[in-house]
2 protein chains.
Amino acid sequence: MKIIVDAFGGDNAPLEILKGCAQAAAEYDLDVMLTGREAEIRRVAEENEISLNRMELVDTPDIITMEDHAGDIMKSKSQSSMAEGLRQLAAGNGDAFISAGNSGALVVGSTLIVKRIPKIKRPAFAPIMPKNEGFFMLIDGGANVESKPEMLQQFGVMGSIYMEKVMGVKNPRVGLANVGTEDHKGGELQHQAFQLLKQTGVNFIGNIEARDIPEDAADVVVCDGFTGNVILKLYEGVAMTLMNKIKGILTKNLKTKIAAGMIYSDMKKLKKAMDYNEYGGAPIMGVAKPVFKAHGSAKAKTFKNALRLTAAYVKGGVVEEINESLQSLKGMDSNE
Amino acid sequence: MKIIVDAFGGDNAPLEILKGCAQAAAEYDLDVMLTGREAEIRRVAEENEISLNRMELVDTPDIITMEDHAGDIMKSKSQSSMAEGLRQLAAGNGDAFISAGNSGALVVGSTLIVKRIPKIKRPAFAPIMPKNEGFFMLIDGGANVESKPEMLQQFGVMGSIYMEKVMGVKNPRVGLANVGTEDHKGGELQHQAFQLLKQTGVNFIGNIEARDIPEDAADVVVCDGFTGNVILKLYEGVAMTLMNKIKGILTKNLKTKIAAGMIYSDMKKLKKAMDYNEYGGAPIMGVAKPVFKAHGSAKAKTFKNALRLTAAYVKGGVVEEINESLQSLKGMDSNE
């Protein structure tokens with residue numbers, strides 16, 4: 001299997017990306033194609049004694065940054081490492097593409113360069129997030145600000161397949177994020193999506209409340225991209241504020257510092273469990289070939305883990321299964 | 001000032017409601033009208049030696065529960081303590097109404113019995129919530145699942161007035177909850193609401209991200225009721241899950257229990273600061289007379305505090321000021 005890697009995506013590129021690739025190539029038996037500034041990649045690898053064994057380099061002059069607009073990937077940043085990686089994937093020169101760079105650009109680039117799976121209306125950004133025990137998928141986490149009911153239905157199908165095939169969750173529970181658990185809750189979008197989700201083959205458990213999401217409400221949380229973006233970011237914000245408050249307590253004075261020492265290892269474990277970086281990132285679902293977004297702040301270990309998940313995305317035959325599922329899906333007769 | 005109180009609203013009615021009223025009547029120089037089952041009120045007051053001094057009782061046979069549908073307040077539950085309280089308010093027999101009961105029913109009942117302020121399109125449920133330091137208002141926290149841009153504009157105006165007049169925040173910063181901070185972010189609703197909010201006299205600081213809400217992004221967070229409900233409940237859910245995790249650590253073994261003892265008072269303070277019960281509840285904004293929702297779980301102290309805020313809602317002339325502001329508001333020329 002060959003995975004195409006954006007060597008210049010994310011806060012710690014290219015060094016941590018290269019380290020992660022070298023570890024993954026050895027551990028998971030992968031070939032890697034790196035896109036980016038070849039000279040710089042070679043220099044960083046040499047300086048840090050990173051082997052470029054099993055890695056092929058494709059020289060691209062440009063980088064798309066977090067400040068760039070998503071659409072720039074098709075225009076001023078068409079010579080970026082991300083755009084080139086997606087073109088290589090579309091051309092069949094690798095099995096999947098992974099980047100820790102600009103999420104918006106990755107969604108736009110995937111859609112326009114790699115294209116969608118037939119019948120898929122819109123791709124979704126689908127982060128894997130921590131909950132009380134384990135993790136869940138949030139789909140759509142923000143790729144589409146405006147959503148139609150059929151899109152939410154497809155999100156449910158795609159999320160269910162990914163969670164089963166890649167994350168190993170048996171018969172994943174798919175829930176619709178809503179303002180209450182009763183069937184009639186929500187607006188027009190939720191009413192229609194509810195009916196459509198009932199007609200799919202997925203294990204649809206109905207409406208779920210935001211309050212219950214951190215407590216294992218569902219394995220796949222389906223919502224429009226606006227709501228998903230709010231959930232994703234508020235989740236992170238509340239957890240961060242609270243952890244900072246507790247840090248403040250634990251460093252307040254000598255007594256609390258002693259207490260901190262006594263619970264240090266448990267608190268560290270908790271912080272790790274609540275850190276969604278640990279789950280490696282977010283697949284871009286609905287694209288015709290596997291595309292994976294690693295966290296922007298990923299260091300070598302997290303990126304290596306993301307590469308493992310990307311390989312599982314390929315091996316699990318997720319794209320093929322989505323394709324098949326959509327052929328038999330009811331409620332999908334409307335035109336593109 | 002006379003405040004009408006639903007004696008049978010909330011988890012701890014009527015005992016804690018009566019206690020809170022007795023304390024508030026004495027401390028804040030208030031007259032109270034209690035609606036509910038008079039015989040039970042008198043019995044509970046006597047058994048618990050609660051003075052009914054300055055309290056007038058209006059006997060109503062029925063109670064609207066959390067399980068009832070919001071619309072029941074106009075139908076099968078029209079003889080409930082909540083419905084009667086709202087009728088008393090509409091008739092001018094008191095200055096404000098407060099209930100710890102069913103929020104949905106309170107919004108519907110307020111709108112249909114007390115009516116809206118002229119030009120107000122929809123009332124909003126506006127909880128006061130904790131942030132890193134202090135509090136903010138979330139408006140709309142869930143009264144309206146579907147919202148129009150003009151409604152969001154009005155929410156910004158109403159929230160700003162309330163935060164200034166009742167909560168004492170000078171020149172409150174009004175932010176629009178969105179998927180990014182740039183002006184062009186969001187869907188059609190956000191685009192139009194952004195332009196309308198710019199034209200109001202409020203201190204509009206533009207779009208804010210959900211991630212920043214717990215870290216003091218704004219004093220008034222404006223959004224549609226679907227998004228607001230998700231924010232309200234996820235905020236609570238993430239905080240609760242995390243606090244439970246930490247509790248698990250602190251009670252894990254002897255060593256961690258000793259550590260717990262050393263940070264006990266600080267953790268208790270933190271829990272209190274993050275508990276939005278402490279802020280007393282949520283005004284129903286846009287109604288022609290002050291209506292206040294106290295927390296369903298409110299005990300005497302919280303309910304007393306809610307009565308203080310309700311009195312401030314009256315004294316601050318919030319309804320009158322909203323009325324005046326709307327006369328001069330641009331972008332409000334569309335028909336009801």
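Residues numbered from 1 in each chain as written. Chains lettered and ligands numbered in written order. Predicted model: local features only at pLDDT ≥ 70, side-chain atom pairs only at ≥ 80, totals over all residues. Heavy atoms only, no water.

Q: How should I be thinking about the overall build of chain A in this particular structure?
A: A count of helical and extended segments in chain A gives ten helices and twelve strands. The C-alpha atoms of chain A give 20 Å as radius of gyration, which agrees with the globular expectation for 336 residues (20 Å, within 12%). Here chain A, with 336 residues, has 59% of them falling under the buried criterion. Element-wise, carbon and sulfur atoms account for 48% of the exposed surface of chain A, whose accessible area totals about 13,200 Å². Between the centroid of the 40 positive side chains of chain A and the centroid of its 42 negative side chains there is a distance of 4 Å. (Helix = DSSP H or I, 4+ residues; strand = E, 2+ residues; numbered from the N terminus. Rg over C-alpha atoms; globule rule 2.2 N^0.38 Å. Buried < 20%, exposed > 50% of the residue type's maximum accessible area, 1.4 Å probe, protein only. Areas by Shrake-Rupley, 256 points an atom, 1.4 Å probe, with all protein chains shown as cover. Lys, Arg positive; Asp, Glu negative; His and termini not counted. Charge placed at Lys NZ, Arg CZ, Asp CG, Glu CD.)

Q: Looking at this model, I keep getting lost on the domain arrangement of chain A. Mind explaining?
A: All names here are of chain A. Splitting chain A by domain gives domain 1 (1–120 + 286–336) and domain 2 (130–276). Taken together, the contact between domain 1 and domain 2 spans 21 residues of the former and 16 residues of the latter. Between domain 1 and domain 2 the total buried area reaches about 1,500 Å² when both faces are included, carbon and sulfur atoms providing 70% of it. In this assembly, domain 1 and domain 2 are joined by one salt bridge. For Lys165, the salt bridge goes to Glu321, with nearest N and O atoms at 3.5 Å. Of all elements in the fold, only helix H9 (300–315) and helix H10 (318–327) reach the threshold of two or more residues within the side of domain 1 that touches domain 2. (Domains from an automatic or database assignment. Contact = heavy atoms within 4.5 Å. Buried area = accessible area lost by both parts, 1.4 Å probe. Salt bridge = Lys/Arg side-chain N within 4 Å of Asp/Glu carboxyl O.)

Q: Looking at this model, I keep getting lost on the interface of chain A and chain B. Mind explaining?
A: Taken together, the contact between chain A and chain B spans 51 residues of the former and 51 residues of the latter. At the boundary of chain A with chain B, total buried surface from both sides reaches about 4,800 Å², with 73% on carbon and sulfur atoms. On the surface where chain A and chain B come into contact, there are eight salt bridges. Two residues, Glu236(A) and Arg211(B), come together in a salt bridge whose shortest N-O distance is 3.0 Å. Inspection of the region where chain A meets chain B yields 14 residue pairs in polar contact (both at pLDDT 80 or more). When contributions to the side of chain A that touches chain B are tallied by element, the ones reaching two or more residues are strand E8 (173–178), helix H6 (188–198), helix H7 (225–250) and helix H8 (254–274) of chain A. Here the side of chain A that touches chain B takes 20 residues from H7(A), the largest share from any one element. (Polar contact = N/O pair within 3.5 Å; in protein donor to acceptor, adjacent residues only side chain to side chain.)

Q: Would you mind showing me how to read the relation of the copies chain A and chain B here?
A: Superposition of the two copies of the chain requires a rotation about an axis together with a shift along that axis. Least-squares fitting of chain A to chain B yields an RMSD of 0.0 Å, with the transformation described by 0.0 Å of translation along the axis and a rotation of 180 degrees. Expressed as an axis order, the relation between the two copies is that of a two-fold axis. Within chain A, the C-alpha atom positioned nearest to the axis of rotation is that of Ala259(A), 2.1 Å from it. Of the residues that chain A buries at the interface, 100% are likewise interface residues in chain B, meaning the two copies contact each other through the same surface. (Least-squares fit on C-alpha atoms with pLDDT ≥ 70 in both.)

Q: What is the right way to read the sheet that holds strand E3 (residues 55–59) of chain A from this model?
A: Within a sheet, neighbouring strands are paired by backbone hydrogen bonds and run either parallel or antiparallel to one another. Residues and elements named next belong to chain A. Read across the open sheet, the seven strands follow the order E3-E2-E1-E4-E12-E11-E5; overall the sheet is mixed. Lying at the two open borders of the sheet, with one neighbouring strand each, are E3 and strand E5 (124–125). Bridge count for E5 against strand E11 (residues 281–285) is two bridges, and the pairing is antiparallel. Note that in E11 the partner of Phe125 across the bridge is Ile284. Along the sheet face, helix H4 (residues 103–114) touches strand E4 (96–99), E5, E11 and strand E12 (291–294) and points at about 175 degrees away from the line of E12. (Pairing = 2+ DSSP bridges. Axes fitted to C-alpha atoms, helices over the stretch in contact; angles between N-to-C directions.)

Q: Sorry, what's going on with the sheet that holds strand E6 (residues 128–130) of chain A here?
A: All names here are of chain A. Spatial strand order, E6-E7-E10-E8-E9: five strands in an open sheet with mixed pairing. Single-partner strands in this sheet number two, and they are E6 and strand E9 (203–209). Within the sheet, the average angular offset between the axes of one strand and its neighbour, ignoring direction, is 35 degrees. Sheet topology places E6 next to strand E7 (residues 135–139); three bridges connect them, and they run antiparallel. Across the sheet, residue Ile128 finds its bridge partner in E7, namely Met137.

Q: Quick question: what am I supposed to make of the environment of Gly92(B) here?
A: Residue and element names in this part refer to chain B. By the secondary structure assignment, Gly92 is in the loop between helix H3 (81–90) and strand E4 (96–99). Assessed through its relative accessible area of 45%, Gly92 is described here as partly exposed. Separated by 182 residues in the primary sequence, Gly92 and Met274 place their C-alpha atoms 37 Å from one another.

Q: Help me understand the side chain of Ser81(A), please; the structure alone is not making it clear to me.
A: Tracing the chain through its elements places Ser81(A) in helix H3 (residues 81–90). Beyond its immediate chain neighbours, meaning those up to four positions away, Ser81(A) contacts Asp6(A), Phe8(A), Thr35(A), Gly36(A), Thr60(A), Asp62(A) and Phe97(A).

Q: It is not clear to me how the side chain of Lys233(B) should be interpreted in this structure. Could you clarify?
A: Checked against the element boundaries, Lys233(B) lands in helix H7 (residues 225–250). The residues contacting Lys233(B), other than those within four sequence positions of it, are Val179(A), Glu209(A), Ala210(A) and Arg211(A).

Q: Could you clarify how one ought to interpret the nonpolar core in this entry?
A: If you look at soluble globular proteins, the nonpolar side chains tend to sit buried side by side. Leu86(A), Ile213(A), Met267(A), Leu86(B) and Ile213(B) are the most contacted members of the largest nonpolar core, which totals 104 residues. The contact partners of Ile213(A), leaving out residues within four places of it in the chain, are Lys131(A), Phe136(A), Ile208(A), Val221(A), Ile231(A), Tyr235(A) and Leu234(B). Counting residues in each nonpolar core, the second largest holds 66 residues, with Met137(B), Met158(B), Leu189(B) and Tyr313(B) among its members. (Core = buried A, V, L, I, M, F, W, Y, C linked by side-chain atoms within 4.5 Å.)

Q: Sorry, what's going on with H3(B) here?
A: Turn by turn, an α-helix covers 3.6 residues, leaving residues three or four places apart pointing in a common direction. Residue and element names in this part refer to chain B. Buried residues dominate H3, accounting for eight of its ten residues. Taken residue by residue, H3 has Ser81, Met82, Ala83, Glu84, Gly85, Leu86, Gln88 and Leu89 as its buried positions. Next to the buried residues of H3 lie strand E1 (2–6), strand E2 (31–36), strand E3 (55–59), E4, helix H4 (103–114) and strand E12 (291–294). Two residues or fewer past H3, Gly92 is found with a positive phi of approximately 85 degrees.

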